[in-house]
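Each chain is listed here by its residues.
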Amino acid sequence: MAYSDKIVDHYQNPRNVGALDKNLPNVGTGIVGAPECGDVMKLQIMVDDDDRVVDAKFKTFGCGSAIASSSLATEWLKGKTLDEALQIRNTDIVKELSLPPVKIHCSVLAEDAIRAAIADVQRKKAGGADAVPEPTPQPQKV
Amino acid sequence: MSRFVYLDNNATTPLDPRVLEAMLPYLQDKFGNAASRSHRFGWEAEEAVEKGRAQVATAIHADPKEIIWTSGATESDNLAILGAARMYADRGKHVVTSLIEHKAVIDPCHYLAQNGYEVTFLTPDRTGRVSVEQVRQVLRDDTILVSLMVANNEIGTLNPLGEIGAACKERGVLFHTDATQAFGKVPIDVEVMGIDLLSLSGHKIYGPKGIGALYVRRRNPRVRLQPLQYGGGHERGMRSGTLNVPGIVGLGAAAEIALGEMPAESARLAGLRDRLWAGLSERLTGIVLNGNVEHRLPNTLNVSFLYVEGESLMMGFNDIAVSSGSACTSASLEPSYVLKGIGVGDDLAHSSIRFSLGRFNTTEDIDYTAERVVAAVNHLRSMSPLQEMAEAGIDLSTVQWAGH
């Protein structure tokens, strides 16, 4: 199976690899997947006071399509409000990267990771600015 | 430096130019049907077929009359297992094999299990070996066949063939072995090892695809098989169908070359394999050798790279051909059943790469591969959440993952 040029590009030059401080009240972390399944995605977003994503980082264990899906997700998240971010669909990722049918689950995982990260930051914000930082985030149910 | 390195020789091998040269006349002027008894076209084809039979027989210390031509090892495995099970059904309906045999053995065994036979699937040890004690323990009065491979295709682990063959002999049970990966790489002697049926293939030993053979013992005991296909009664009635003369010539020539070069070539390949392991293990932490260090094919190296997924790793060195136990490389989305069968966790199976070396690999190929693999592993670990968690001291086995 040949990879699309976009997948190869994201694989070779992944955007926004790294980590944000998960203890910050304006950082949301989503970890989805499992090593036994061959994919684990960690996606983090930092939002400003207007709930706009000012930074996004990822780390992914998985195939090239999984890496590209999460890399693309971080690119798309930056600058969006949380409401806009929730509009990102796995099918958009499939289209952008030309993922073949056997790799659609990679895009599903990326959408799950986006939603998990958003849910995490919204939960923190709902707890108020003085809320105690969350402990190590646990993988979200998908 | 731009090159392409082929390290997937357990999948298939390129045709050796010497083999091609031997085959060419039989693809051109010498086109006769080996079953034509009335003219020289048939005679020269038959002569070539018998030469090939002798070459293959010599390579496993058999009599040429004991070699049956097939289309490949999958057919040989099917013919041996189904043919023997059907022929000897009145003696018993119990068959023994293992969890990590090739699918060409496992699937016919599943078929038998669904059709009135009982099949015992032995679990090999953590290195992929089945012990003679395990075999002895499951042999019964109604056991008719034991099928265990010489060497595993994914990890290269060698079974104690001679001991297992002797245990089968003691109980009067037929012993079939799938020698596809071992044939031409390690010495095989059907007499010393007590083998009654043996499958082999042309394209794993620098011969052509579409040709294989089944060794069927003719004395002590005389093994009979019910054929899978009926027709002109070729190959002692066990495998009807016009013979693939160029393929047979190619397999014969390939077998002769492999046998002649085996002592020097196995030592060379083992040296390259160990050089590759050294090149990886000296520069990377968190890598695990899958298989048996001592009892292993000289050309096979199966390694798991912790915290890195196999398919993405292969993307990192796309000028090197290898294969992975990762699910992402198969249509089934399940990781390697062989690694699972020897107790390697799914996480490590997803991280595994099989390097299978061959006749045309050089020291430069190996050094280049080690360099490229190390770079790709480091690239992927820099973006691996598992690597990050492990570095933070989190025991990954205690994390509650949510599968998907």
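Values in this document were obtained by computation on a predicted structure and should not be read as measured data. (Residues numbered from 1 in each chain as written. Chains lettered and ligands numbered in written order. Predicted model: local features only at pLDDT ≥ 70, side-chain atom pairs only at ≥ 80, totals over all residues. Heavy atoms only, no water.)

## Describing the overall build of chain B
Now for step 1: Counting its regular elements, chain B contains twelve helices and 13 strands.
Now for step 2: With the C-alpha coordinates of chain B rotated into their principal frame, the extents come out at 75 × 55 × 35 Å.
Now for step 3: Sequence separation of at least 24 residues holds for 73% of the intrachain contacts in chain B that already meet a minimum separation of 6.
Now for step 4: Summed over its atoms, the accessible surface of chain B is roughly 15900 Å², and 52% of this surface lies on carbon and sulfur atoms.
Now for step 5: The distance from the centre of the 38 positive side-chain charges to the centre of the 47 negative ones in chain B is 6 Å. (Helix = DSSP H or I, 4+ residues; strand = E, 2+ residues; numbered from the N terminus. Contact = heavy atoms within 4.5 Å. Areas by Shrake-Rupley, 256 points an atom, 1.4 Å probe, with all protein chains shown as cover. Lys, Arg positive; Asp, Glu negative; His and termini not counted. Charge placed at Lys NZ, Arg CZ, Asp CG, Glu CD.)

## Here's the deal with the interface of chain A and chain B
Now for step 1: Taken together, the contacts link 35 residues of chain A with 28 residues of chain B.
Now for step 2: Here chain A is connected to chain B by three salt bridges.
Now for step 3: In this structure, the salt-bridge partner of K59 of chain A is E388 of chain B, at a minimum N-O distance of 3.3 Å.
Now for step 4: The interface formed by chain A and chain B holds twelve residue pairs in polar contact (both at pLDDT 80 or more) in total.
Now for step 5: Elements supplying a minimum of two residues to the side of chain A that touches chain B: helix 1 (5-12), strand 1 (27-34), strand 2 (39-47), strand 3 (53-61), helix 2 (64-77) and helix 5 (104-126) of chain A.
Now for step 6: Of the residues contributing to the side of chain A that touches chain B, the split by class is 20 nonpolar, nine polar and six charged. (Salt bridge = Lys/Arg side-chain N within 4 Å of Asp/Glu carboxyl O. Polar contact = N/O pair within 3.5 Å; in protein donor to acceptor, adjacent residues only side chain to side chain. Nonpolar A, V, L, I, M, F, W, Y, C, P; charged D, E, K, R; others polar.)

## Details of the side chain of N16 of chain A
All names here are of chain A.
Now for step 1: Inspection of the secondary structure assignment puts N16 in the loop between helix 1 and strand 1.
Now for step 2: Separated by 2.8 Å, the side chains of N16 and K78 make a polar contact.
Now for step 3: With residues up to four places along the chain from it excluded, the contact list for N16 reads A56, K57, F58, T74, E75 and K78.

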